[in-house]
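Results of the structural survey
These are the residues of each chain, in order.
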Amino acid sequence: MQQMVAIQIDAPGRPLRKVTRAVPEPGIGELLVEVTACGVCRTDLHVLDGEIPAHYPIIAGHEIVGRVAVVGPQVDGFAPGQRVGIPWLGHTCGQCAYCRTDRENLCDAPLFTGATRDGGYATHAIADARYCFVLPDRFSDVEAAPLLCAGLIGWRALRLAGDAPTIGLYGFGAAAHILAQVAQAQGRTVHAFTRDDDEEGQAFARSLGCAWAGGSSQLPPAPLDAALIFAPVGDLVPLALRAVRKGGRVVCAGIHMSDIPTFPYADLWEERMLLSVANLTREDGISFFEMAGRTDLRIVTESFPLDDAGEALRRLRTGRVKGAAVIVPPRIA
């Protein structure tokens, strides 16, 4: 029986544990994928810390790139050897009011890759074929991995921002470094906000074409039309509201955020809007990868072997990853 290797979270707050188990068989509508790269996302830390619902023990990781190993029953459009990407939203019921109105990102009975179904910190993963995407050839496996969440959620957040010509990105990590380039390709002006003392991060943002970069406690040189918050810090919401002009939007793009402090109604008044992003739709994925395939994006990554997944998460927690961290599992003969 073929064996797979994975890094498992046994319970919230417990150390990561390396496990070996039998490679699973895909069920109806599923693919077995041999993982070649898996991005490391802040949501993985929320799963590790027990800050969002998860089924333990769980294999984390939801920015998965790999090759189809086995096509399950009743699956069309995929073949063994084909490269696919597996995102955070891993399954929906297809029956609830949200699924029936093309809002499956709000499904009443979803499964989430790396949280409520096993993810990609492993040599193999099972995926719902409906939520697997064909990836642009221009990106290597490691480069493509962060696109599966950092890119997709950033894309949905940018779409919720509307046609805002000047945007601010709070938290300049994996998602923002991709989205800054996408926004500029659309002709928008981008301002980047980092930790106040993160001069290296600000320089990184400017190297990617941001018109201005500074600390999150600062106001930008001119009011923003929209602000997108990627850092899971509730204190940033009032700051972002003060940075946007009348009628501007503030989009919270994370799955988890610390509590938002009270703030004067005047900061929200004058038709400013506060929105949140939840997951993604398949249309988000299709449109994003079509755009990414024709856009000259520089995906900055740091690679870690599967055994060093814990170190990758520690570096992400302390803000010591430039761009995106990516796990590269060993090849299984």
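Scoring rules and cut-offs
- Residues numbered from 1 in each chain as written.
- Predicted model: local features only at pLDDT ≥ 70, side-chain atom pairs only at ≥ 80, totals over all residues.
- Heavy atoms only, no water.
- Axes fitted to C-alpha atoms, helices over the stretch in contact; angles between N-to-C directions.
- Helix = DSSP H or I, 4+ residues; strand = E, 2+ residues; numbered from the N terminus.
- Parallel < 35°, antiparallel > 145°, perpendicular 65-115°, else oblique.
- Contact = heavy atoms within 4.5 Å.
- Nonpolar A, V, L, I, M, F, W, Y, C, P; charged D, E, K, R; others polar.
- Pairing = 2+ DSSP bridges.
- Core = buried A, V, L, I, M, F, W, Y, C linked by side-chain atoms within 4.5 Å.
- Buried < 20%, exposed > 50% of the residue type's maximum accessible area, 1.4 Å probe, protein only.
- Lys, Arg positive; Asp, Glu negative; His and termini not counted.
- Salt bridge = Lys/Arg side-chain N within 4 Å of Asp/Glu carboxyl O.
- Polar contact = N/O pair within 3.5 Å; in protein donor to acceptor, adjacent residues only side chain to side chain.

In this section: the packing of helix α1 (residues 42-49) against helix α8 (residues 309-317). Packing of α1 against α8 leaves a shortest axis separation of 10 Å and a crossing angle of 105 degrees. Of the possible angle classes, the one that applies to α1 and α8 is roughly perpendicular. Together, R42, D44, L45, L48 and D49 of α1 and L313, L316 and R317 of α8 make up the contact between the two elements. Considering only residue class, the contact of α1 with α8 consists of four nonpolar, no polar and four charged.

The next subject is the sheet that holds strand β1 (residues 3-9). Strand pairs in the sheet, formed through backbone hydrogen bonds, run parallel or antiparallel to each other. In spatial order, the strands read β2-β1-β4; together these three strands make up an open sheet with antiparallel pairing. Taken across any chain shown, the strands that pair with only one partner, and hence form the sheet edges, are β2 (16-22) and β4 (58-59). Sheet analysis places β1 next to β4, joined by two bridges and oriented antiparallel. Paired with I9 across the bridge in β4 is I58.

Counting residues in each nonpolar core, the largest one holds 100 residues, and the members touching the most others are Y121, L169, F172 and L228. Membership of the second largest hydrophobic core comes to 15 residues, among which are W212, I229, A231 and V244.

Within the secondary structure layout, E63 lies in strand β5 (residues 63-71). Comment: no salt bridge for buried E63; closest opposite-charge side chain is R42, at 11 Å. Looking at E63, its side chain comes within polar contact range of the main-chain nitrogen of A150, at 3.1 Å.

Bringing the sheet that holds strand β10 (residues 166-170) into the picture now. Read from one edge to the other, the open sheet built from six strands follows the order β12-β11-β10-β13-β14-β15, with strand pairing classed as parallel. Edge positions in the sheet fall to β12 (212-215) and β15 (273-276), since each of these pairs with one other strand and no more. Geometrically, the sheet is characterised by an average inter-axis angle of 20 degrees between neighbouring strands, direction not taken into account. Taken together, the five bridges between β10 and strand β11 (residues 189-194) define a ladder with parallel strand orientation. The residue of β11 that forms the bridge with T166 is T189. In the packing of helix α3 (residues 150-160) onto the sheet, the strands contacted are β10, β13 (224-229), β14 (244-252) and β15, and the crossing angle to β14 comes to about 155 degrees. Helix-sheet contacts for helix α4 (residues 174-185) involve β10, β11 and β13, and the interaxial angle to β10 is about 175 degrees.

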